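Residue-level structure breakdown
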Amino acid sequence: GICIAGEHNVAYTWGTSNHSSLGPPNTRNRYVPHPVKMTHLLNAHDLDDCRQVSAGFLANMVLRGDYSVWVWGQNDYGKLGLGKNDTEIPLPTRIESLPQVKFISMGSLYCGAIDVDGAVWMWGLGITGNLGLGNRLSFNVPQKVLALAGTRMRSVHCTVGQSTLAIPSTTDQESKVLGHEGPHTLAVSEAGDLYSWGTCHKGILGNLRNRVLCGNSDELLPYKVGGPARDESPPNPTDYLSSCRITQAVSAAIHSSCLSDSGMIYCFGCGSDGRLGIQMESVSPPNHLKLNTSEPTEVQLFRSRYMSVCQIDSSRRHMIALVHTQ
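An account of the accompanying structure is given in this report. (Residues numbered from 1 in each chain as written. Predicted model: local features only at pLDDT ≥ 70, side-chain atom pairs only at ≥ 80, totals over all residues. Heavy atoms only, no water.)

Notes on the overall build of the protein
Test applied: Numbering of helices and strands runs from the N terminus, with a helix taken as a DSSP run of H or I at least four residues long and a strand as a DSSP run of E at least two residues long. We take the radius of gyration over the C-alpha atoms and set the globule estimate at 2.2 Å times the residue count to the 0.38 power. Relative accessible area decides the class of each residue, using a 1.4 Å probe on protein chains only: under 20% of the type maximum gives buried, over 50% gives exposed, and in between gives partly exposed. Throughout, a contact is declared for two residues whenever any of their heavy atoms are within 4.5 Å. Only the protein chains shown count as cover for residues, and the accessible areas themselves come from Shrake-Rupley with a 1.4 Å probe. Positive charges come from Lys and Arg alone, negative charges from Asp and Glu alone, with His and the N- and C-terminal ends not counted. Charge coordinates come from a single atom per side chain, which is NZ of Lys, CZ of Arg, CG of Asp or CD of Glu.
A count of helices and strands for the protein gives 1 helix and 21 strands. Rg of the C-alpha trace for the protein: 20 Å, near the compact-globule value of 20 Å for 326 residues, within the 12% margin. Its C-alpha atoms give the protein principal-axis dimensions of about 65 × 55 × 40 Å. By residue count, 52% of the 326 residues in the protein fall in the buried class. Contacts spanning at least 24 positions in sequence make up 51% of the contacts within the protein whose residues lie at least 6 apart. In the structure as shown, the protein presents an accessible area of about 14,800 Å², 50% of it carried by carbon and sulfur atoms. A gap of 3 Å separates the mean positions of the 26 positive and 27 negative side-chain charges of the protein.

Quick word on the state of the cysteines
To keep things clear, this is the line we draw: We call a pair of cysteine sulfur atoms a disulfide whenever their separation is within 2.5 Å.
Here the structure, examined in full by the defined rule, presents 0 disulfides. The closest cysteine sulfur to the non-disulfide-bonded C267 is located on C258, 7.6 Å from its own sulfur.

Here we look at the sheet that holds strand β7 (residues 88-94)
Here is the rule: Strands are treated as partners if at least two bridges between them are detected by DSSP. As a rule, the C-alpha atoms of each element are fitted with a line to give its axis, helices using only the stretch in contact, and angles between N-to-C directions run from 0 to 180 degrees.
Strand order in the open sheet made by the 4 strands is β4-β5-β6-β7, with antiparallel pairing throughout. With partners counted over all chains shown, the strands left at the sheet margins are β4 (50-56) and β7, one partner each. Neighbouring strand axes in the sheet, compared pairwise and without regard to direction, differ in orientation by 10° on average. Relative to β7, strand β6 (residues 69-74) runs antiparallel, the two being bridged by 4 bridges.

Some details on the pattern of salt bridges
Note that side chains of opposite charge can pair when their charged atoms are close. Going by this rule: Here, a salt bridge means any side-chain nitrogen of Lys or Arg that lies within 4 Å of a carboxyl oxygen of Asp or Glu.
Here the structure, examined in full by the defined rule, presents 12 salt bridges. Between K102 and E190 there is a salt bridge, with its nearest N and O atoms 2.9 Å apart. Of this pair, K102 sits in strand β8 (residues 101-106) while E190 sits in the loop between β13 (184-189) and β14 (194-198), and the two are 88 residues apart along the sequence. Assessed through its relative accessible area of 27%, K102 is described here as partly exposed. With a shortest N-O distance of 3.3 Å, R152 and E190 are connected by a salt bridge. Of the two residues, R152 sits in the loop between β11 (139-144) and β12 (153-157) while E190 sits in the loop between β13 and β14, which places them 38 residues apart along the sequence. Among the residues examined, R152 registers a relative accessible area of 41% and is labelled partly exposed. According to the relative accessible area criterion, E190 is partly exposed, its value standing at 31%. Residues participating in the shared-partner salt-bridge network are K102, R152 and E190.

Some points on the packing of aromatic side chains
Counted only if it meets this: A pair of Phe, Tyr and Trp rings is counted when the ring centres sit within 6.5 Å of each other, with Trp represented by its six-membered ring. The angle between the planes then sorts it: under 30 degrees is stacked, over 60 is edge-to-face, the rest tilted. Here, over-ring charges are defined by two tests on the NZ atom of lysine or the CZ atom of arginine: distance to the ring centre within 6 Å, and angle to the ring normal within 35 degrees.
Evaluation of the coordinates by the stated rule reveals 0 aromatic pairs. Sitting over the face of the ring of W70, R64 holds its NZ or CZ atom 5.1 Å from the ring centroid.

A word on the environment of R154
For R154, the position within the fold is in strand β12. R154 sits 103 residues away from S257 along the chain, and the two C-alpha atoms are 16 Å apart.

Comments concerning the sheet that holds strand β1 (residues 2-5)
Overall, antiparallel pairing links the 3 strands, which are arranged β1-β2-β3 in an open sheet. The open sheet has two edge strands, β1 and β3 (30-35), and neither has a second partner. Taking each pair of neighbouring strands and ignoring which way they run, the sheet shows an average axis angle of 25°. In this structure, β1 lies alongside strand β2 (residues 10-15), joined through 4 bridges in antiparallel fashion. Across the sheet, residue I4 finds its bridge partner in β2, namely A11.

Digging into the pairing of strand β16 (residues 246-251)
Most of β16 sits inside the fold, with 6 of its 6 residues counted as buried. With 5 bridges joining them, β16 and strand β17 (residues 255-260) adopt antiparallel strand pairing. Bridging across to β17, A249 finds its partner in C258. Taken together, β16 and the strand that follows it, β17, pair antiparallel across an intervening segment of 3 residues.

Details of unusual backbone geometry
Note that the residue after S233, namely P234, is joined by a cis bond; omega there is -5°. By the secondary structure assignment, P234 is in the loop between β15 (219-224) and β16. Not every positive phi belongs to a glycine, and N9 is a case in point at roughly 55°. Along the chain, N9 turns up in the loop between β1 and β2.

Shown next as structure tokens:
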């Protein structure tokens, strides 16, 4: 785990120390939170003045008060954005190639950030198009998402819950990952629109009209949810979320969710085991463990005028919400 605490906004970590994931001086597992140091020296300075923290698989990212971004831990696929292919980075290290940043998101296999001008930057594993760069390439330094130029973004949300991913090495790599489980990215604009890109597995991009398992509608560039349905000919707008202003989104391993400014949650993708929180009818024969939807669907429990959702988060198989009640 990672959090910010204390008068000077110091980063604290705890848990497993594999691949230097806890940062210095934590060379072994920690069962209680411990402040992260800048070096392994006993009198080293704390990693302080932190504004936001984000944890991925065996790695961490911190946004500091001067709008700089610092990373450490496992560096598979170059996901730390330092231009290095080292297996791990043991010390908190600044990503020098980023401009001033206002929001960060560390996924399991890749990362994203929003700079102070509202532009999106992505790096790390990109095999499903999850970097939004128009290809399936991976990058070990941040890349600006040019397709969103002119659209001021509020936040970006990278997939968590995917510690490993089978990467085909053959020449037909695209056919082996198209529509299959993998990373997908969600982003929210300052205007309240939701964008998605990456794999379309089980409808997690909100870009289809019908239910799918493994489709052929991956988005390699940002797609505005509510736009043309990729499984129709001719494609007609779905108008999903057209009456909502989105303020937050969550990209889990095989489902997606977002929160509107009216305090309502909308979920889509895989609904197995109830992780979407919505009532769904499965295809015949009935199988309540294997459900999915491409349409962002309201979690009706929170429709009451006495309840308003303030924040949402998710792991691979469950969700949590912070709810204000009157």
